[in-house]
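Survey of secondary and tertiary structure
The primary structure of each chain is shown beneath.
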Amino acid sequence: MTSGGSASTSTLRPTANAVAGVDQNRALELGVAAALMATYGADSGASLDVDALVTGAPGEATGTTRARCLTLLLPALTRAAAGDWATALASFHSAAHEGADATDLDLLSHLGNTALHLGDDQAHLRAFTAMATGARDVGAGMLVLYALPRLGFSQLVTGQWAALRDNAEEARALSASV
């Protein structure tokens, strides 16, 4: 399936493959971005060597929580795109466990978006709540505005009406101030 984002995935996937031997962390970031876009239909058909990105350069890519999570998120997303939901969920749950105490706002965004796609409302709430809190703490207003509407997806389906309303009001007020 292709969509308006296919040009992005046709750039991200070959670039991820090309840089894997030079910068494993960057390759993982690009691979996860391409895989996440593909789950929403932005699939250019360009191949992504998931095994090479996940096994990659020893040491560097496994040394941080971010890299370990990305290493687990990449197969979760690619398996989800292929309709292999059980394997996707198992890999995602490992990533969510690994990133349970993450403070990296970009990583929290990846965890939250993957949780939403896979239907894990609690993991989605945890990731975007942590992202909104962390973004507030560092004064990153645009990242707060990124997180708040995404929280609404899980708040809506779990009946958290007051929290949904509070976040909508905060987002509206913050939007008006920038």
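Just so we're clear, the structure is a prediction, and the values are computed from it rather than from any experiment.

Thresholds, definitions, all that
- All chains use their own residue numbering, which begins from 1 and follows the written sequence.
- Totals for whole chains, interfaces and linings use every residue, but because this is a predicted model, local features are given only for residues with pLDDT of at least 70 and side-chain atom pairs only at 80 or more, for both listing and counting.
- Only hydrogens and water are set aside when side-chain values are computed; all heavy atoms of the structure are taken into account.
- Strands are runs of DSSP state E lasting at least 2 residues, helices are runs of H or I lasting at least 4, and numbering of each runs from the N terminus.
- A simple rule labels every residue: compare its accessible area, found with a 1.4 Å probe on the protein chains alone, to the largest value its type can have, and call it buried under 20%, exposed over 50%, or partly exposed in between.
- Pairing of N or O atoms within 3.5 Å defines a polar contact, subject to two protein rules: one partner must be a possible hydrogen donor and the other a possible acceptor, and residues neighboring in sequence count only if both atoms are side-chain atoms.
- Every residue pair with non-hydrogen atoms within 4.5 Å of one another is taken to be in contact.
- Counting rule applied: Lys, Arg positive; Asp, Glu negative; His and chain ends not counted.
- A pair is scored as a salt bridge if a Lys or Arg side-chain nitrogen falls within 4 Å of a carboxyl oxygen belonging to Asp or Glu.
- Orientation is described by lines fitted to C-alpha atoms, with helices fitted over the stretch in contact, and by angles between N-to-C directions that extend from 0 to 180 degrees.
- Orientation categories follow fixed angle ranges, with anything under 35 degrees roughly parallel, anything over 145 roughly antiparallel, 65 to 115 roughly perpendicular, and all other angles oblique.
- A crossing counts as left-handed when the near helix is turned anticlockwise from the far one by less than a right angle, and as right-handed when that turn is clockwise.

What to know about the side chain of Ser91
Position of Ser91 relative to the elements: it lies in helix α5 (residues 85-98). Judged by its relative accessible area of 12%, Ser91 is buried. A polar side-chain atom of Ser91 sits 2.5 Å from the main-chain carbonyl oxygen of Leu72. Non-local contacts of Ser91, meaning those with residues more than four positions away in its chain, are made with Leu72, Pro75 and Ala76.

Structural notes on the side chain of Asp120
Here Asp120 shows up in the loop between α6 (105-118) and α7 (121-138). Comment: no salt bridge for buried Asp120; closest opposite-charge side chain is Arg126, at 5.0 Å. With near-sequence residues (within four places) excluded, Asp120 lies in contact with Phe92, His93 and Ala115.

Brief notes about the packing of α6 against α7
Interaxial distance between α6 and α7 falls to 8 Å at its minimum, and their mutual angle equals 155 degrees. As the angle between them shows, α6 and α7 are arranged roughly antiparallel. The chirality of how α6 crosses α7 is left-handed. Packed against α6, whose contacting residues are Leu105, Leu108, Ser109, Leu111, Gly112, Asn113, Ala115 and Leu116, the element α7 presents Ala123, His124, Ala127, Phe128, Ala130, Met131, Gly134, Ala135 and Val138 at the interface.

Remarks on the environment of Leu145
Note on placement: Leu145 falls in helix α8 (residues 141-157). For Leu145, a relative accessible area of 16% translates into the label buried. For Leu145 and Asn167, which are 22 residues apart along the polypeptide, the C-alpha to C-alpha distance reads 9.5 Å. Look past the residues within four positions of Leu145 in its chain and what remains in contact with it is Ala171, Leu174 and Ser175.

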